[in-house]
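# Structural features, examined
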Amino acid sequence: MTTTLITGANKGLGFETARRLVAAGHTVYVGSRDAGLGARAAEEIGARPIQLDITDDASVAAAADTIAADGGLDVLVNNAGIAGEWGPDNNVVGAADLTVDLMRNTFETNVFGLVRVTHAFLPLLQKSAAPVVVNVSSGLASLSRMSTPGGPGYNYPGVAYPASKTTVNALTIQYAKAFPHMRINAVEPGFTATDLNRNSGAQTVEQGAEIIVRMAQVAPDGPTGGYFGNQGPLPW
């Protein structure tokens, strides 16, 4: 039986991924900063709730201890993330108004939170016969696409969110090289309607979760150190 932890899983892409993996036979931990919301979400789909604030050392350590005591972990889905540059009416903070505080706040969750969680759960993953890590990135992480006129994301004005997700991609590469026995990949769900973008996305969570679910179930001889969307590998 495969045991999976998904961060930020009480709603949106995380919840849909959890629902699909439970249906596929995984034992799934629904990680949620709010314990009450997590418990309700987990009960709805037959998963296990676990309080997990990825910006808090003590919360992450407690979650790791709980899951270790329950038997360990095979799959980690680093899904939790924020896009603080999105304002009311979908206004986006661009380069002219970028502040250190916005950058720091975005990186605290999207980058440092991912590192904090990954570091805490690596000892459990290393004991698994088929360890997998899925880092939820973004199409805006692709430097080649962002810098090519007419390409996807070229006209997006924000800075903090794309920079954080480009860093996630770099982390994915380095972790994959450091742990070649694991399957560690970054995925781009697509512009999905979630609370992250005030439900302005162009596709459903069912569509967006497809690549996350697929890579969470990658075989031990499958790809690692890659960056994938629903249609296949993406350019860095």
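Residues numbered from 1 in each chain as written. Predicted model: local features only at pLDDT ≥ 70, side-chain atom pairs only at ≥ 80, totals over all residues. Heavy atoms only, no water.

## Topic: the nonpolar core
The biggest cluster of nonpolar side chains holds 27 residues, and the ones touching the most others in it are Leu5, Ile67, Leu73, Leu76, Phe121, Tyr175 and Ile184. Among the secondary structure elements, those contributing two or more residues to this core are α3 (57-70), α4 (100-125) and α6 (160-178). In contact with isoleucine 184, not counting residues within four places along its chain, are Val133, Asn135, Thr172, Tyr175, Ala176, Phe179, Thr224, Gly225 and Gly226. In terms of nonpolar packing, the next biggest core, distinct from the first, is built from 26 residues, Ala9, Phe15, Val132 and Met215 among them. (Core = buried A, V, L, I, M, F, W, Y, C linked by side-chain atoms within 4.5 Å. Buried < 20%, exposed > 50% of the residue type's maximum accessible area, 1.4 Å probe, protein only. Helix = DSSP H or I, 4+ residues; strand = E, 2+ residues; numbered from the N terminus. Contact = heavy atoms within 4.5 Å.)

## Some details on the environment of valine 117
When you line up the elements, valine 117 lands in helix α4. The spatial distance from the C-alpha of valine 117 to the C-alpha of threonine 7 is 8.8 Å, given a sequence separation of 110 residues. Apart from residues no more than four positions distant in its own chain, valine 117 is found in contact with Thr7, Ile54, Val60, Leu76 and Asn78.

## Details of the side chain of threonine 118
Inspection of the secondary structure puts threonine 118 in helix α4. When near neighbours in sequence (up to four residues on either side) are disregarded, threonine 118 contacts Leu76, Asn78 and Tyr175.

## Regarding the packing of helix α1 (residues 12-23) against helix α7 (residues 205-216)
Across the interface, α1 lies against α7 with an axial gap of 9 Å and an inter-helix angle of 55°. With respect to their mutual orientation, α1 and α7 come out oblique. Remark: the crossing between α1 and α7 carries right-handed chirality. Facing Gly12, Leu13, Glu16, Thr17, Arg20 and Leu21 of α1, the residues of α7 in contact are Val205, Glu206, Gly208, Ala209, Glu210, Ile212, Val213 and Ala216. For the contact of α1 with α7, the per-class residue count stands at seven nonpolar, three polar and four charged. (Axes fitted to C-alpha atoms, helices over the stretch in contact; angles between N-to-C directions. Parallel < 35°, antiparallel > 145°, perpendicular 65-115°, else oblique. Left-handed = near helix turned anticlockwise from the far one by under 90°. Nonpolar A, V, L, I, M, F, W, Y, C, P; charged D, E, K, R; others polar.)

## Some remarks on the side chain of arginine 183
Turning to its location among the elements, arginine 183 is positioned in strand β6 (residues 183-187). One buried charged side chain, arginine 183, makes no salt bridge at all; its nearest oppositely charged neighbour is aspartate 221, positioned 7.2 Å away. Of the polar contacts made by the side chain of arginine 183, one reaches the backbone oxygen of proline 180; its length is 2.5 Å. From its side chain, arginine 183 meets the backbone oxygen of glycine 222 in a polar contact 2.7 Å long. (Lys, Arg positive; Asp, Glu negative; His and termini not counted. Salt bridge = Lys/Arg side-chain N within 4 Å of Asp/Glu carboxyl O. Polar contact = N/O pair within 3.5 Å; in protein donor to acceptor, adjacent residues only side chain to side chain.)

## Let's talk about the sheet that holds strand β8 (residues 232-233)
Taken in spatial order, the eight strands make up an open sheet running β3-β2-β1-β4-β5-β6-β7-β8, and their pairing is mixed. Looking along the sheet, the strands with just one partner apiece sit at the ends: β3 (48-51) and β8. In this fold α1 packs onto β1 (3-6) and β2 (27-32), with an angle of close to 170° to the strand it touches most, β1. Along the sheet, α3 makes contact with β1, β2 and β3, crossing β3 at roughly 145°. (Pairing = 2+ DSSP bridges.)

## Looking at the pattern of salt bridges
Here the structure, examined in full by the defined rule, presents six salt bridges. Arginine 20 is the partner of glutamate 210 in a salt bridge, and the nearest nitrogen-oxygen pair spans 2.7 Å. Of this pair, glutamate 210 sits in helix α7 while arginine 20 sits in helix α1, and the two are 190 residues apart along the sequence. The class for glutamate 210 is partly exposed, based on a relative accessible area of 31%. A salt bridge links arginine 116 to aspartate 57, with the shortest nitrogen-to-oxygen separation between them at 2.5 Å.

No statement about biological role is implied by the geometric values presented.
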